[in-house]
Amino acid sequence: MSIRELPTMIHEKETQNRILDSAIKLFAVKGYSMVSMRDIAKDIGIKASSIYNYYESKDSLLNDVLFRFEKGYKNYFEMLEQMNKNADSLDALMNNMFNSEFLEMLDPIGCLGMSFVMKEQFNSEYAKTIVFNLFHEFSVNSLKSGFDALVQKGIIPPSDTETIARFFMHSVIIMNDIRVHEYTGNATSVDCAEVYQNLKSFIASALTQGVSGK
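Figured I'd write up the structure that's included with this text. For every chain, the first residue of the written sequence is number 1, and numbering continues from 1 along that sequence. Only residues with pLDDT of at least 70 are given local features in this predicted model, and only at 80 or more are side-chain atom pairs given and counted; all residues enter the totals for whole chains, interfaces and linings. To obtain the side-chain values, all non-hydrogen atoms of the structure were included, while hydrogens and water were left out.

## Let's talk about the environment of Asp-39
Secondary structure follows DSSP: runs of H or I at least 4 residues long count as helices, runs of E at least 2 residues long count as strands, and numbering of each begins at the N terminus. By the element assignment, Asp-39 lies in helix 2 (residues 37–44). Relative accessible area serves as the criterion here: at 30%, Asp-39 is assigned to the partly exposed category. Remark: the alpha-carbon pair of Asp-39 and Ala-23, spanning 16 residues in sequence, is separated by 8.9 Å. Whether two residues touch is decided by their heavy atoms; if any such pair falls within 4.5 Å, the residues are in contact. The residues contacting Asp-39, other than those within four sequence positions of it, are Leu-26 and Met-34. The buried label applies to any residue whose accessible area, calculated with a 1.4 Å probe on protein chains only, is under 20% of its type's maximum; exposed applies above 50%, and partly exposed to all values in between.

In C-alpha cells, the structure reads:
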C-alpha cells in the first residue's frame, strides 16, 4: 500500500511530527485498535521505545492526533470564513469553498484525519465532540455566515442558507472518504473533480434562486 508523502506540522521536533503523521495514517487506514506503538515505530524506522520519549501511552498519542487535527481544521476554516465574508461576488465565494486545499482538508494528513475522526467518534468522546462541534456546528455556521453576507450585500436573494451549508458539509465528508482511497493508492470509479463541479453548480443555483427549503 502506497501513501503520498505526508507533510509535518505543529511540533518543532521532527521525530514527533513523523510519529504523528504515521499514527494518523495508520489509524485512518487500519483503525485505532488495530495499530500498535510498535507498528508506528516500524513505519518510520525508529525503536518502539523511542515513541515513549514523546508519549506515555497510545491514548496520549491519540489525544495529540485529535488535537492536531482539530487545531488545523479550525484554523483553516476561520481563514475561509473571513475570506467568504469579504467575498464581493458569488463566484468569489464559490472559488473559496471549492479550492483544492479545502476540498482535500488542508493536505493528506487532514484528509486522513477527517476520515479517522468520523470513524473514531463512536469510541472516543474527544472525537465525538470534534465531529459535532466542528463538522456539524462550527463549519455550518461559518459557511452560513458567508452566504448571509452576500444576501446582506444584495448579491444573492434570501435563501435557506443553513440547509445549503449543511448539504455542502455532508457532501465534503462523504467525498473525503473517496479521497482517502486515492491517498492509499486504491483506484475508485468516482471522478471527484466532476462531482465537486456538479456540487458547485447545484449550490450556486440554490443560492441564486433563493431556495427556501420549506
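## Observations regarding the packing of helix 9 (residues 161–183) against helix 10 (residues 192–208)
For helices, the axis comes from a line fit to the C-alpha atoms of the stretch in contact; other axes are also lines fit to C-alpha atoms, and the angle between any two N-to-C directions lies between 0 and 180 degrees. The geometry of helix 9 relative to helix 10 is characterised by a closest axis approach of 11 Å and an angle of 180° between their N-to-C directions. The orientation of helix 9 relative to helix 10 falls into the category roughly antiparallel. Residues Thr-161, Ile-164, Phe-167, Phe-168, Ser-171, Val-172, Met-175, Ile-178, Arg-179 and Glu-182 of helix 9 touch helix 10, and the partners they reach there are Cys-192, Val-195, Tyr-196, Leu-199, Phe-202, Ile-203, Ala-206 and Leu-207. When residues are sorted by character, Ala, Val, Leu, Ile, Met, Phe, Trp, Tyr, Cys and Pro go into the nonpolar class, Asp, Glu, Lys and Arg into the charged class, and all the rest, Gly among them, into the polar class. By residue class, the composition of the contact of helix 9 with helix 10 is 14 nonpolar, two polar and two charged. Any angle that falls under 35 degrees is termed roughly parallel, while one over 145 is termed roughly antiparallel, one within 65 to 115 roughly perpendicular, and all others oblique.

## Notes on the nonpolar core
Each nonpolar core is a collection of buried residues, namely Ala, Val, Leu, Ile, Met, Phe, Trp, Tyr and Cys, held together in the definition by side-chain atoms within 4.5 Å. Grouped together as the largest cluster of nonpolar side chains are 67 residues, with contacts concentrated most on Leu-61, Met-94 and Phe-168. Leaving out residues up to four positions away in the same chain, Met-94 has contacts with Phe-147, Lys-200, Ile-203, Ala-204 and Leu-207.

## Things to note about the packing of aromatic side chains
When the centres of two rings from Phe, Tyr and Trp lie within 6.5 Å, Trp using its six-membered ring, the rings pair. Their planes under 30 degrees apart give stacked, over 60 give edge-to-face, and anything left gives tilted. Overall, the coordinates contain nine aromatic pairs when judged by the stated rule. Taking the centre distance of 5.3 Å and the plane angle of 70° together, the rings of Phe-98 and Phe-168 count as edge-to-face. Of this pair, Phe-98 sits in the loop between helix 5 (90–97) and helix 6 (100–103) while Phe-168 sits in helix 9, and the two are 70 residues apart along the sequence. Accessibility expressed as a relative area gives 13% for Phe-98, which makes it buried. These aromatic residues form a ring-pair network of at least three members: Phe-69, Tyr-73, Phe-77, Phe-135 and Phe-138. Whether a charge sits over a ring depends on NZ of Lys or CZ of Arg being within 6 Å of the ring centre and within 35 degrees of the ring normal. Lying over the aromatic face of Tyr-32, Lys-58 brings its terminal NZ or CZ to 4.2 Å of the ring centre. Taking the ring centre of Phe-138 as reference, the NZ or CZ of Lys-74 above it sits at 5.5 Å.

These values are about where atoms sit, not about what they do.
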